[in-house]
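# Observations on chain architecture
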Amino acid sequence: MSTGAAAIASAAPLPAGRRGPPALLISALAVLFAIGCGMALVLAMGVRIGDAVAAFAEGAWGSPYAIAASINRALALGLVGLGFVLAQRANLTNVGGEGQIALGGIAATAVSLYGGAASLPAPWSFVLPMLAAAVAGGAWGGIAGVLKVKAGTNEVISTLLLSFIAVWMVYGAVQSEALLRQPMTTTASLPESSEIPDATKLPPLSADADTPLHVGLPIALALAAVVAVVLGKTVFGVRLRAIGLNPVAARRAGMRIGPAIVWVLFLAGALGGLAGAFMLQGDQGSLKARFSSGYGFDGLVVGLLARGSVPGVVASAVLFGFLRSGGINMELAAKVPSALVLVIQGLIILTLAGAAFWIDRRKEPAR
Amino acid sequence: MTAAEALSSVPAPADALASPRAAPAAPLLSLRGLGKRFGSLQALADVDLDIAAGEIHCLLGENGAGKSTLCNMVFGVYQPEVGEMLLAGRAHRPASPAQALASGIAMVHQHFSLVADMTVVENLMLGQSRGVLRQQECASRVRSLAEHYGLVLDPWARIQDLSVGERQRVEIVKCLMREPRLLVLDEPTAVLLPAEIDGLLEVCQRVAARGCSVVLVTHKLAEIRKVAHRVTVLRGGRVVAASSDPAAEIERLVRAMIGRSLEGLDATAGALIGEVARSDDGAAAATPVRRQLGDETLQCDGLTVRDAHGVTRLDRFTLVVNRGEIVGVAGVEGNGQSELAAVLSGMRPASEGRFFVGGVDMTAATPKQLTAAGVAVVPEDRHAVGCISGMSLAENLVLDRLDRFRRFGLLDRKALRSEALEVMARFDVRAAGPGVAFGGLSGGNQQKAVLGRELGIRGLAFLLAAQPTRGLDVGAVEAVYGHIRAACARGVGVLLVSSELDELLSVAHRIVVLYRGRVMGECRAEPQARDRIGALMAGHTAQAA
């Protein structure tokens, strides 16, 4: 998946301040095409389309609870996608969302359980673990930045490999009581952390337990707005774009390339780490061995699908949130493997790469 | 040999030539009402053109006049939107260069397509051979072509060891091996030394004498005088003049090309298109400002650059540039000029030596510190170093001073826009607006924009301009030198690196000559010094010359 991602990131024309129908239209068409293929597969499996669609709709938006759950999934995906788009502006491909989520999860768990966050007054009780998660995820991204600046290591390789390390760090952390594993009171106690204190969980937006929306939603939307402003309306955003498009000319114009690369990968990682905090504090409540289970990579697809635009991230994050929820229910209710959603995701990537290639070829080179 | 196969499918060029009966012989290639549009740009419109067999037909026009587009259409790179092309009386609609090649048209592009790591023979056989490679056969063919056309080439040399002129010869041989009916050369002389240009023009004459038509794209009048049988002038995508006796009508053709008369044309700009500058003009402009102590803006003290392999690229370069003085650096490209420019612009550390700007040691300064010290740089490679094509014109105009456009932490686009508009007006950068993509501007406007940004540096003390007029049309050349001279008159020291000797002679006050990274000598920029400088450029010491 990651190599395909890198291919698109380089093949797709970088957003040079241009956004608009064509880019988003291509994404939309890629999604429609992939869903069409998914339908064909459902048919080929011998399941009636009607049943599958009904099960999908039920799981994705069939109830207020389903909608809220889909949106909560979209939050984590969207944060990783934002990080991807941020780094992409400097022509960096951050495929390390999975690891940044994992580091964020570890940090948030540690601070919630043992960092004394629970005893702080609100909102610090839940903000402190989030900040810790952002710093941890950011450090993970920043390492890739330092490696790139100091040793020229391609960030696609380093962020991906750092992800594997981080995923196994989660595994390790929940295996040992000296680290984050819950006390083994019975033989049945699983290798996972204790439940984090309620004070450190993200407060729900409504008292109604049927709609598990939490404060993560407004925070994520605010962050999306901040990223959009940073990219589009600040000197830093212009510099990132300059560095991404022509690092040599940017250097001649007095920009410091190295610090900018480290910074932007730190920020991208921080958004990934925050996604981990959202998943832990807003949804799962305890750190499990398989904590992220692919959200980082899905978030990467969200970022790719957005083609450099922040509104695009919001739209594709919502799409993927609903896709995931619907897919899970499709497996439960209609006996269609939820792997179908993965197939559709893969098809979206391939279609996008193909479309980018096709567009590049159609553009006649001006000599 | 596939070249021979290609030949068999093509009527021998001699046939076309050997039919002198019809008084206005049917042209080899005729274009009727050709038009092409790229987006909103009308690249070509209503182009009618006839090319006779065995003639050298020059396409004259400034940058952006549509010459390359026209050639690329004949060669099948682009397809015309309207109009038709006839090749020897039959419709010619190549969908690709391969089809054009098959119908006997060959083209040498401005940018070569050679594999640097391979030998000449290997490059010539690429894409033309199947099965067993017969390198010896190819090599002997190269030698026989060399004999016929005067194209001296070592078939076994590696491309990376060849000079630009030699590489061009490889490209031409590649074309001639296919025995084309029509050879298209897109600005072939832009990259050559004066002596090499003469050689190339001779090759053109020999090729034409053997019955193959030659289309020569150029904007240099000397070349037209020398070899053109006929000339067609393009301006703004249209044919604005044509002549079958170009040597006698140069004035009219130039007027058509630049859209105005030669009167009042800057001497330097004239020198570039081959109009011999009235020698006193250049000298009059070049009266140095009287020198005083402490007037040094740039002092280089033994600057040395060694590359990654330890080869010395710049050897103890020592020079002083004073206020209000233009010092030219002459030399064949690749003799240390790029390294010198890279060091002085803070893009590359010097291995040894130091340099000072206004008396302050700047040897280890970053580009940002150099800018702050008032050092402006017009880099040799505009696209790689001077600008960011994917960004807007306005953004490029303030690339080094973005910090000034910050308001409440946000980018003040309004102020940026008005600053950009102001620079555009002052430097006559023509664009639909400050928001247009920089990459879409013509070369001249791009260069004026880079110059506008660099000359707008606060506390400007020194300007380094490397090949500032390369690829520019006459109007832009004039503008560029107008601005450089104006800066000089305000007391800015200028170091001008150029491979066009005529240009240096008419602009600079003094000229130093680089050869293999070393300063071979220095002389006043006066017409009499031309031969001496030429000898120094070739590595002969002053005594020998």
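## Here's the deal with the sheet that holds strand 14 (residues 352-357) of chain B
Residues and elements named next belong to chain B. Taken together, the four strands give an open sheet; going across it, the order is 12-11-14-15, and neighbouring strands pair in antiparallel fashion. Of all strands in the sheet, those bounded by a partner on one side alone are strand 12 (312-322) and strand 15 (360-361). With respect to the sheet, helix 13 (residues 337-344) is in contact with strand 11 (296-306), strand 12 and strand 14, its orientation differing from that of strand 11 by roughly 120°.

## A closer look at the sheet that holds strand 19 (residues 462-466) of chain B
All names here are of chain B. Ordered by their spatial adjacency, six strands build an open sheet running 16-19-20-13-21-22, and the pairing between neighbours is mixed. The open sheet terminates on both sides in strands that have one partner only, identified here as strand 16 (375-378) and strand 22 (518-524). Strand after strand, the sheet turns through a mean of 15° between neighbouring axes, direction not considered. Relative to strand 19, strand 16 is paired through four bridges, and the arrangement is parallel. Bridge assignment links Val377 to a residue of strand 19, and that residue is Leu464. Helix 19 (residues 474-489) contacts strand 13 (326-330), strand 19 and strand 20 (493-497) of the sheet and is inclined by roughly 145° relative to strand 20. Across the sheet, helix 21 (residues 530-537) lies against strand 13, strand 21 (510-515) and strand 22, angled at about 25° from strand 21, the strand it touches most.

## Let's talk about the nonpolar core
Residues and elements named next belong to chain B. If you look at the biggest cluster of nonpolar residues, it comprises 150 residues, and the most contacted ones within it are Leu463, Ile484, Ile511 and Ile533. With residues up to four places along the chain from it excluded, the contact list for Ile511 reads Gly328, Ala330, Leu504, Leu505, Gly521, Glu522, Cys523, Ala525 and Ile533. The next biggest cluster of nonpolar side chains, apart from the first, holds 53 residues, and it includes Val121, Ala157, Val231 and Ala256.

## Some points on the layout of surface pockets
All names here are of chain A. In this structure, the second largest pocket occupies an estimated 610 Å³ of space. Tyr65, Asn72, Pro212, Gly282 and Asp283 are the residues nearest the centre of the second largest pocket, which is lined by 34 residues in total. Going through the elements one at a time, helix 3 (49-61), helix 4 (64-89), helix 11 (257-284) and helix 13 (310-334) are the ones with two or more residues in the lining of the second largest pocket. Its residues assigned to classes, the lining of the second largest pocket comprises 17 nonpolar, eleven polar and six charged.

Calculation rules
- Residues numbered from 1 in each chain as written.
- Chains lettered and ligands numbered in written order.
- Predicted model: local features only at pLDDT ≥ 70, side-chain atom pairs only at ≥ 80, totals over all residues.
- Heavy atoms only, no water.
- Pairing = 2+ DSSP bridges.
- Helix = DSSP H or I, 4+ residues; strand = E, 2+ residues; numbered from the N terminus.
- Contact = heavy atoms within 4.5 Å.
- Axes fitted to C-alpha atoms, helices over the stretch in contact; angles between N-to-C directions.
- Core = buried A, V, L, I, M, F, W, Y, C linked by side-chain atoms within 4.5 Å.
- Buried < 20%, exposed > 50% of the residue type's maximum accessible area, 1.4 Å probe, protein only.
- 1 Å grid on protein atoms, 1.4 Å probe; cavity = no way out; pocket = protein on both sides within 12 Å on 5 of 7 lines; lining within 4 Å.
- Points joined across faces, edges and corners; volume = space filled by probe spheres on them.
- Nonpolar A, V, L, I, M, F, W, Y, C, P; charged D, E, K, R; others polar.

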